[in-house]
Each structure stands twice: as structure tokens, then as C-alpha cells.
Amino acid sequence: MSKFSDLDLTKYEAPTHGDRIVKKDGKFVVPDNPVVPFVEGDGIGPDITSAMRKVVDSAVEKAYQGKRKIAWWEIFAGQKAMDKFGEAIPEDSFAALRYFGIGIKGPLTTPVGGGFRSLNVAFRQILDLYACVRPVRWFDGVPAPLKSPQDVDMVIFRENTEDLYAGIEWEEGTKECRKVYDFLTKEMGKKIREDSGIGIKPISITGTKRLVRMALQYAVDHGRRTVTLVHKGNIMKFTEGGFLKWGYEVATQEFRDVIVTEKELWDEHDGKLPEGKVLVNDRIADAMFQQILLRPSEYDVLATANLNGDYISDALAASVGGLGLAPGANMNDEVAFFEATHGTAPKYAGMDKVNPGSIILSAVLMLEHMGWQEAADLIVKGIEDTIKEGTVTYDLARQREGAREVSCSRFGQAICDNM
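Now for a look at the structure at hand. The residue numbering used here restarts from 1 in each chain and proceeds along that chain's sequence as written. A pLDDT threshold of at least 70 governs which residues receive local features in this predicted model, and a stricter bar of 80 or more applies before side-chain atom pairs are shown or counted, although totals over entire chains, interfaces and linings include all residues. To obtain the side-chain values, all non-hydrogen atoms of the structure were included, while hydrogens and water were left out.

## Digging into the environment of L146
For L146, the location among the structural elements is in the loop between β6 (131-137) and β7 (153-159). Accessibility here uses a 1.4 Å probe with only protein chains present; expressed as a share of the type maximum, an area under 20% marks a residue as buried, one over 50% as exposed, and anything in between as partly exposed. Of the residues examined, L146 reaches a relative accessible area of 13% and is grouped as buried. It is 24 Å that separates the C-alpha atoms of L146 and V354, two residues lying 208 residues apart in sequence. What makes two residues a contact is simply this: any of their non-hydrogen atoms within 4.5 Å. Beyond its immediate sequence surroundings of up to four residues, L146 is in contact with V152, I292, L293 and S319. Put simply, DSSP H or I for four residues or longer makes a helix, DSSP E for two residues or longer makes a strand, and each gets a number counted from the N terminus.

Here you go:
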């Protein structure tokens, strides 16, 4: 019988070993054998998830000499869930993540008739995982279009639940769209073409402040120098402009003793950031796209609304070699769900071919979140040395002269060997 009798499941069997991560006095308490739910994923998901688990288990074993070990527990979403249960995401999967507070997943395809527009978005919205966290850095030996990719070391905090991803829209020609059109044109006096589809872009004080608060706390906790609010407030003054205004309110009201605004930097400090302070500034989104290419060393942490963050995170990953080595997490104050940031690549499914770097680096974020920094550092070292020596999967091998192309599983083993 499972020790987790208070976990309400209807389709799954609760895990039979491991312990639960709990939160006490605002801090996570991580046991030596935490239960970590995982979703294998669709397409290439089984290949990369298997490689990731072996790398993580090896790092934990080496870092803690057997005193710590993850109790992996499979939960389901995507095609595998459809095949087993007839639904794309069983409620048990949501319940498991709420209960254990942590999880990791491979890429997912939304099955036809699955009931969700996107399974990834469904996890974020149903669990209110309001922050998408995407660290981006360059690994020596990865071909990149930037002249100085080593200057890129940023963490993007993208709001996950509002903006255009709220999915509030009406199709042109429907009676619902006509109602919205009539309201906006007749009652609100707005000029809209009659043959328009219409969408609504909500950005709230609540959604903005909790996202910026998390970004600022991350910068303080990790010794980062700057937090940049990325926005289009020059055009959308009450949504994107609100994001900017409310972001600064969090900084100046809740982090006053540790932050300096850009205006204060020049008015009071002659442009020199005081020791131990975090600079809070802002950039218009289109200008920020130039900055990540031309002056990346000047930026550390970016806080963005949803759509801007969607574009910038992928563009930034491309600048250092692509999504193959781009980790990600979706989280709130109680649950952290880590993920591969790329797609399912179904044509490579089961071929043991693709780069597992994204999900492995997402597992690094997971270990850091758990406070297992020693294991996280071992994995990063293993990846750095493996890529540097030219042992890479096909996506990197085809861009690099003299590389030794290996399979997905062999790349994972090489990381273990180089820890």
C-alpha cells in the first residue's frame, strides 16, 4: 500500500517508494529520495527522457555517493494518455503535480479530439504555472551565429497565463464575434473593420507583479546584476504600459533596499552600480531584439509579458545555437514543472538520434530548484566537456567540422563519463 494515501487518484497507482517534497515556512524541504513525476512525451520524448533520467541518476549518485536518489514516477499526457485512458491529460496528472510540487516532461503533441488547444498551455493554465523560466547560455563548441556567443547568459521570466495566450478570441463571421464587434464599435466608439476576427489581450496587476517579483527574487538569490522589463508600452499603453508601471512598483516598493533603477543609476550614482545592488531597467520589445544580438553582455534577467517573451526566448536560443540546448520550466510558488522546449520531431521517433540537451538542462534547473546544486554542476560540466571534445548528436555534428556524431543515448552516456 502506498504511503501517499491522501493523494486522490482515480486512474493511476500512487508511487510505492520515495518521499514527498513539502513546503514549510515558505521554503521547500527536499528529502533524500524525492518522488519526481515525469511525462515521457510524444515523438522523440521516450528517447530524450530516457537519456535525461540516466544522466540525472548518474550525477546524483556521483555527487552524494548513494545518499540521495530520485524516485521517478511516470504520469501521463499526450498520445500515451490517449492510448491508455482516452483523454489527453487525465486529472490524475494535474493532481500528481499539485501534490508533489515538481515534475519534468518531454515534448507533447496535442492529439486530435484531445479537448485542449495545446497540452503545454493546458498544464500552465490549469495549474496556474504563471512563470515560464528560460535560461539561455552558450556552450563552447556549439556553432552559433553571434560573433561573441559567450556574452549571452540570460534568464527570461515570461508571464504564462495572460496576454494573447489567454486565448480570448472570436472567429470572423460568427455571432459571438458580431456581438463583440457591435459592443466595441457602437458602445465604445472604436473603429474596427467589419470583417475582423477579434481577440482580447488582458494584462493584470496580479499577473504582472507576481511574475516580476519572481524575476527580481531570482536575481537577488543568484547574484544577477540586472532585471530588464521588456514591453511595448509605447504603443499599448494600458496593457504593456501597465506591465511596465506595475513591474517598477514591485521593484521600488518590495525590493527597495536591493535595487537601483536606471534613472537613479545616472542621477545618484554617476552610472556606476553600487556593490550588491540589482539594476532595474526597461527596454521596448523591438529594441530588445537588437540588444540581445548587439549587446548581450549588458543583460542578465528579462521579465516579459507572454507574447514578447515567447519571441525573445526562442530568438535568444537561436543566437547561441538553437533550441536543442535550451532548457525551460513553468512554475508558480508551489509547483515547478520542467520541460524540453522543442517539439516532438515525430520523423525521428524511436531512432535514438536527437539531441537530449534541452531536457537534460531542464533537469539541471530542476536539481537547482531542489537545492541539489552539486549534482546540477556535475551535469553542466559533463555537457561542457562532451561538446567541447566534439562528441555531439547529428544536429550539432552537421554544423561542426571534425565532430564525432553519436546517438541520443550515447551522448547522454558521454555526459556521464565526463562528469
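Now that the structure is up, let's keep going.
## Things to note about the side chain of S362
One can find S362 in helix α11 (residues 357-370). Given a relative accessible area of 0%, S362 falls into the buried group. At 3.0 Å, the side chain of S362 and the backbone nitrogen of G328 are in polar contact. Ignoring sequence-local partners within four residues, the contact set of S362 consists of I104, P327, G328, F338, E339 and A340. Pairs of N or O atoms are called polar contacts if they sit within 3.5 Å, as long as, within protein, a hydrogen donor faces a hydrogen acceptor (for residues adjacent in sequence, only side-chain-to-side-chain pairs).

## Observations regarding the sheet that holds strand β15 (residues 336-340)
DSSP calls a pair of strands paired once it identifies at least 2 bridges connecting them. An order of β4-β3-β5-β15-β14-β6-β7-β13-β10-β12-β11 is seen for the eleven strands of this open sheet, with the pairing classed as mixed. This sheet does not close on itself; its edge strands, each paired only once, are β4 (71-75) and β11 (259-261). Between one strand and the next, the sheet's axes are offset by a mean angle of 25°, whatever the strand orientation. Examined bridge by bridge, β11 and strand β12 (residues 278-284) share three bridges and lie parallel to one another. Bridged to T261 within β12 is V280. Every axis corresponds to a line fitted to the C-alpha atoms, with the helix fit spanning only the stretch in contact, and the corresponding angles, defined between N-to-C directions, vary from 0 to 180 degrees. Along the sheet face, helix α4 (residues 119-126) touches β5 (102-105), β7, β14 (327-331) and β15 and points at about 165° away from the line of β15. The strands that helix α8 (residues 262-269) touches are β11 and β12; relative to β11, the one it contacts most, it runs at about 85°.

## Details of the environment of Q65
Its location among the elements puts Q65 in the loop between α1 (45-64) and β4. Classification of Q65 as exposed rests on a relative accessible area of 58%. Sequence separation between Q65 and G26 is 39 residues; the distance between their C-alpha atoms is 29 Å.

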